[in-house]
Amino acid sequence: MWDQIKGALYGATHRVLVGVANFLPGLLALVLAVLLSSLVGWALGALVGLILRALDFDKRLQKWGTVALAEWSPKNSPTLLLRKTVTWTVVVLGWLVGLTAFGAGVTPQLIPHVVESLPNLGTAIIVVLLGVLLARFLARAVLISAVNMQIQSARLLSLAVKWLVLVLAAAMALDHLRVGGEIVRLGFAILFGGIVLALALAIGLGSKEIVSRSWERQTHSKADPPDDALKHL
Amino acid sequence: MHDSNQRIATAAPAPPTTAEIVVGVPSCNHAGTVALVLRTAQTGLGEFGSGQSSLLVSADTQSSDGTREQVRGLRAENPLLRELGPTERAAGAASPGVEVRELRMILEQALQMRARACLVLDASLTSMAPDWVAQLVRPVLDEQFDMVVPCFARHKLDGGISNGIVYPLTRALYGKRVRQALGGVFALSSRLVERFLARRVWDIEVSALGTDARAMTEAICGEYAVCQVFLGPAEHAGSGSSLDLSSILAGVMGSVFDEMNRNVAFWQKVRGSQPVRWFGTPVEMGGNPPPVDAHKMWESFRLGCRTLQDVWAAVLPPATLLALKYLARDDAAGAGLADDLWARIVYDFALGYRLAVMNRGHLLRALTPLYLGWLASFVHEVGAAPAQDVERRVQQLSMVYEAQKPYLISRWRWPDRFNP
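Quick caveat: nothing in here was measured; it's all calculated off a predicted structure.

Parameters at a glance
Residues numbered from 1 in each chain as written. Chains lettered and ligands numbered in written order. Predicted model: local features only at pLDDT ≥ 70, side-chain atom pairs only at ≥ 80, totals over all residues. Heavy atoms only, no water. Helix = DSSP H or I, 4+ residues; strand = E, 2+ residues; numbered from the N terminus. Contact = heavy atoms within 4.5 Å. Buried < 20%, exposed > 50% of the residue type's maximum accessible area, 1.4 Å probe, protein only. Areas by Shrake-Rupley, 256 points an atom, 1.4 Å probe, with all protein chains shown as cover. Patch = residues over 30% accessible without salt bridge, like charges linked within 9 Å, V, L, I, M, F, W, Y side chains within 5 Å. Salt bridge = Lys/Arg side-chain N within 4 Å of Asp/Glu carboxyl O. Core = buried A, V, L, I, M, F, W, Y, C linked by side-chain atoms within 4.5 Å. Phe/Tyr/Trp six-rings, centres within 6.5 Å; stacked < 30°, edge-to-face > 60°. Lys NZ or Arg CZ within 6 Å of the ring centre and 35° of its normal. Buried area = accessible area lost by both parts, 1.4 Å probe. Nonpolar A, V, L, I, M, F, W, Y, C, P; charged D, E, K, R; others polar. Pairing = 2+ DSSP bridges. Right-handed = clockwise from strand over helix to strand, strands pointing away. pLDDT = per-residue confidence, 0-100. Polar contact = N/O pair within 3.5 Å; in protein donor to acceptor, adjacent residues only side chain to side chain.

**A short note on the overall build of chain B**
The helix and strand tally for chain B stands at 18 helices and 11 strands. For chain B, restricting intrachain contacts to residue pairs at least 6 apart in sequence, the fraction spanning at least 24 positions comes to 83%.

Below is the structure:
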């Protein structure tokens, strides 16, 4: 009986040790890949940063009139944006390599699936980025125009336009990734409708004075002097 | 020189090959006014130029409202009226703007005719008097000036953009006190016409509102002699109906800031300003001045202060933003924008435009509530004062612009380091 217990213990220990022996190299490979990729990513990012700074990249972009990229970049610096992009691309690649080494036996389908999804993911990211840029641009344009038209709810209008575009971009990106399916479409329709309603209310309430002034101008005789007949030029 | 490129319609008698004076009217969809301007110019040339050979030129490449038909009708009355129309070269060339192209054609015509003076008129100017031709051209022919700009009579509070921004800014930048730089009318000497064409001044992008600013800065930066002439009021057909204030302000300020960027080396060396010689006598403006609602303007400024802080923060330093916030607490424009604060705001916007801190159209339009705030303060201060006091106040503001110029130069040279 002692022999049987010993055998069972040896067997269990053996299986655990074999399991650990199988698991450890993968884990070590993952840790190593992440550490190495972080190091390489940081070094490459620093190199890209140095080169772009030497080329005065930010100022050159300004001269070429590429304002949107600078606006979207952290601290308004496209150099920093590119530097971080390079760093994080290498780190993500390191993670993928590590996960492949770690999960060779466990998740053999993960990596091909991720690789297959990359083009769609890239497109979705681009859609979201363009959406963010467009949303910011339109929100500011609406804000300034509404203030110049003396619409009191200018900020609300601007916010509504911003979220309208953001929601549209997010829905497009999720639809492209085939995430959510009908729920996303339904949610988008509800949100979009809600924002349009809010926008209509904001315009209606905010510009009622403008509309009434315009009506008054049309109904009154043309001999009436305008509110402000100054010649500004 | 460019005969082959331009379809020039002439009729008997034989077309002149030289002219002392060329009067050009660039037009684009000015069917309602072009005939009046051309007729008045023709009368003016007849009254003035008994001993001078002259040529009247109409340049139009784009009109679709019958302007060219109007000009052709006039040619029956005056066979010496020359019409410059669309050409293959002009239609296919990358041209900066419609009326700019016409302006270049007129200058080429003046050069070709070896004209001593070239007068450019605004096709929408309905209040023009025949004697304006002589008044504008005489300083070029008799006094050897290279550029003559008009100073139109106007009500004391009219011309806010000119009084509050363009005049003080250009005076501080270029050191010449040209009172109305954006009259839309100017006379040029032959050597200045040559310079404009040789330097291809009109090939660089410029808006229709910016041709005057371009011409004036080119003349001043080239050290040419500039003078100004007092004229009667300028009434423009359709003024104020087609463009809103923010579009006008954006168009004008974009042109002024563009010129500023093109001539940095010149204006950074200029200190102080010198008067520019006047011709004629000031014309009093008749009638009552138009009603002005300063309270509405101030409310626009306050609305801007409440909602545009984030936009302005990209252009204005924190101290200025704080000062604006403080001002916006008042219900009325009693305290008003101080001159030095206003001058620094304009300089900061010039720098923001240069650095393209945001879309330039947005940046220029974001200036509108600030301008209205300044205008409300100005109206509050001098609304009841006589016209001479208003003019004195504008001169005082201009001196503050000059005094604040070191601020502009510092920020221009070290935009990141010098940020009070």
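Moving on, there is more to tell.
**Comments concerning the overall build of chain A**
Assigned secondary structure in chain A consists of eight helices and zero strands. The order of helices and strands in chain A, counted from the N terminus, is α-α-α-α-α-α-α-α. The proportion of buried residues among the 233 residues of chain A is 25%. The contacts in chain A between residues at least 6 apart in sequence include a share of 67% that link residues at least 24 apart. By element, 73% of the accessible surface of chain A is carried by carbon and sulfur atoms, the whole surface being about 15700 Å².

**Some points on the side chain of serine 189 of chain B**
All names here are of chain B. Among the secondary structure elements, serine 189 is positioned in strand 8 (residues 186-189). Its relative accessible area of 6% is what places serine 189 among the buried residues. Dropping the residues within four chain positions of it, serine 189 is found in contact with Arg116, Val140, Phe145 and Asp146.

**Observations regarding a nonpolar patch on the surface**
Where nonpolar side chains cluster on the molecular surface, the patch consists of Leu39, Val40, Leu44, Leu47, Ile51 and Leu55 of chain A and spans about 530 Å² of accessible area. A relative accessible area of 41% means that valine 40 of chain A is categorised as partly exposed.

**A short note on the nonpolar core**
Residues and elements named next belong to chain B. Counting residues in each nonpolar core, the largest one holds 121 residues, and the members touching the most others are Met147, Trp312, Trp342, Ile345, Phe349, Leu370 and Tyr371. For this core, the element with the most residues is helix 14 (residues 339-355), which contributes 11 residues. If near-sequence neighbours (up to four positions away) are discounted, phenylalanine 349 is found in contact with Phe257, Trp312, Val315, Leu316, Leu363, Ala366, Leu367 and Leu370. Judged by nonpolar contacts, the second largest core, of 37 residues, contains Leu45, Val71, Val137 and Val229.

**Re the packing of aromatic side chains**
All names here are of chain B. Scanning the entire structure with this criterion turns up 11 aromatic pairs over all chains. Pairwise contacts between aromatic rings join Trp342, Tyr371, Trp374 and Phe378 into one cluster. For the cation-ring pair, arginine 344 lies above tyrosine 407, with the distance from its terminal atom to the ring centre recorded as 5.8 Å. One residue, arginine 360, lies across the ring of tyrosine 353, its end atom 4.4 Å from the ring centre.

**Concerning the interface of chain B and chain A**
Contacts between the two partners involve 41 residues from chain B and, on the opposite side, 23 residues from chain A. The junction of chain B with chain A conceals about 2700 Å² of combined surface from both sides, 60% of it contributed by carbon and sulfur atoms. Of all residues in chain B, Leu303, Thr307 and His362 of chain B bury the most surface against chain A, accounting for 21% of the area lost on that side. On inspection of chain B and its partner chain A, the count reaches one salt bridge. Of all the elements in the fold, those that place two or more residues in the side of chain B that touches chain A are helix 6 (160-174), helix 9 (245-262), helix 11 (294-307), helix 12 (309-313), helix 15 (360-365) and helix 16 (368-382) of chain B. Considering every element that reaches the side of chain B that touches chain A, the biggest residue donor is helix 11 of chain B, with seven residues. Among the residues forming the side of chain B that touches chain A, the class breakdown is 23 nonpolar, 10 polar and eight charged.

**Description of the pairing of strand 3 (residues 54-59) of chain B**
Residue and element names in this part refer to chain B. The buried count for strand 3 comes to five of six residues, which makes it a mostly enclosed element. Where strand 2 (residues 21-26) meets strand 3, six bridges bridge the pair, whose relative direction is parallel. If you follow valine 23 over to strand 3, its bridge partner there is leucine 56. Relative to strand 4 (residues 81-84), strand 3 runs parallel, the two sharing four bridges. By the bridge assignment for strand 4, alanine 59 is matched with leucine 84. Each parallel crossover has a hand, and for strand 3 linked through helix 2 (residues 67-77) to strand 4 it is right-handed.

**A few points about the environment of proline 233 of chain B**
All names here are of chain B. Within the secondary structure, proline 233 sits in strand 9 (residues 226-233). Residue classification places proline 233 among the partly exposed residues on the basis of a relative accessible area of 28%. Each C-alpha atom, one on proline 233 and one on methionine 128, is 8.3 Å from the other, the two residues being 105 residues apart in sequence. Setting aside chain neighbours within four positions, we find proline 233 in contact with Ser127, Trp132, Ala153 and Met285.

**Here we look at the confidence of the model for chain A**
Residues and elements named next belong to chain A. When pLDDT is averaged along chain A, the result is 79, and 78% of the positions lie at 70 or above. Here helix 3 (residues 67-72) stands out as the element of chain A with the lowest mean pLDDT, 60, in contrast to helix 6 (residues 154-177), whose mean of 88 is the highest. Confidence drops under a pLDDT of 50 for residues 221-227, and excluding neighbours within four residues, the segment shows six contacts in the predicted structure.

**Section: the confidence of the model for chain B**
All names here are of chain B. When pLDDT is averaged along chain B, the result is 85; 89% of the residues meet or exceed 70. Taken as a whole, residues 1-11 scores under 50 in pLDDT and shows 31 contacts with residues more than four places along the chain or in a different chain. Contacts for the low-pLDDT stretch residues 88-97, under 50 throughout, to residues beyond four places or in other chains number 12 contacts.

**Regarding the environment of aspartate 146 of chain B**
All names here are of chain B. Tracing the sequence through the fold places aspartate 146 in the loop between helix 5 (131-143) and strand 6 (147-153). Under the relative-accessibility criterion, aspartate 146 is labelled buried at 3%. Measuring from C-alpha to C-alpha, the distance between aspartate 146 and alanine 187 comes to 7.9 Å, with 41 residues separating the pair along the chain. Those residues in contact with aspartate 146 that sit more than four places away from it in its chain are Ala187, Leu188, Ser189, Arg191, Leu192, Tyr224 and Ala225. Among the polar contacts listed, one links the side chain of aspartate 146 to the side chain of arginine 191, at a separation of 2.9 Å.

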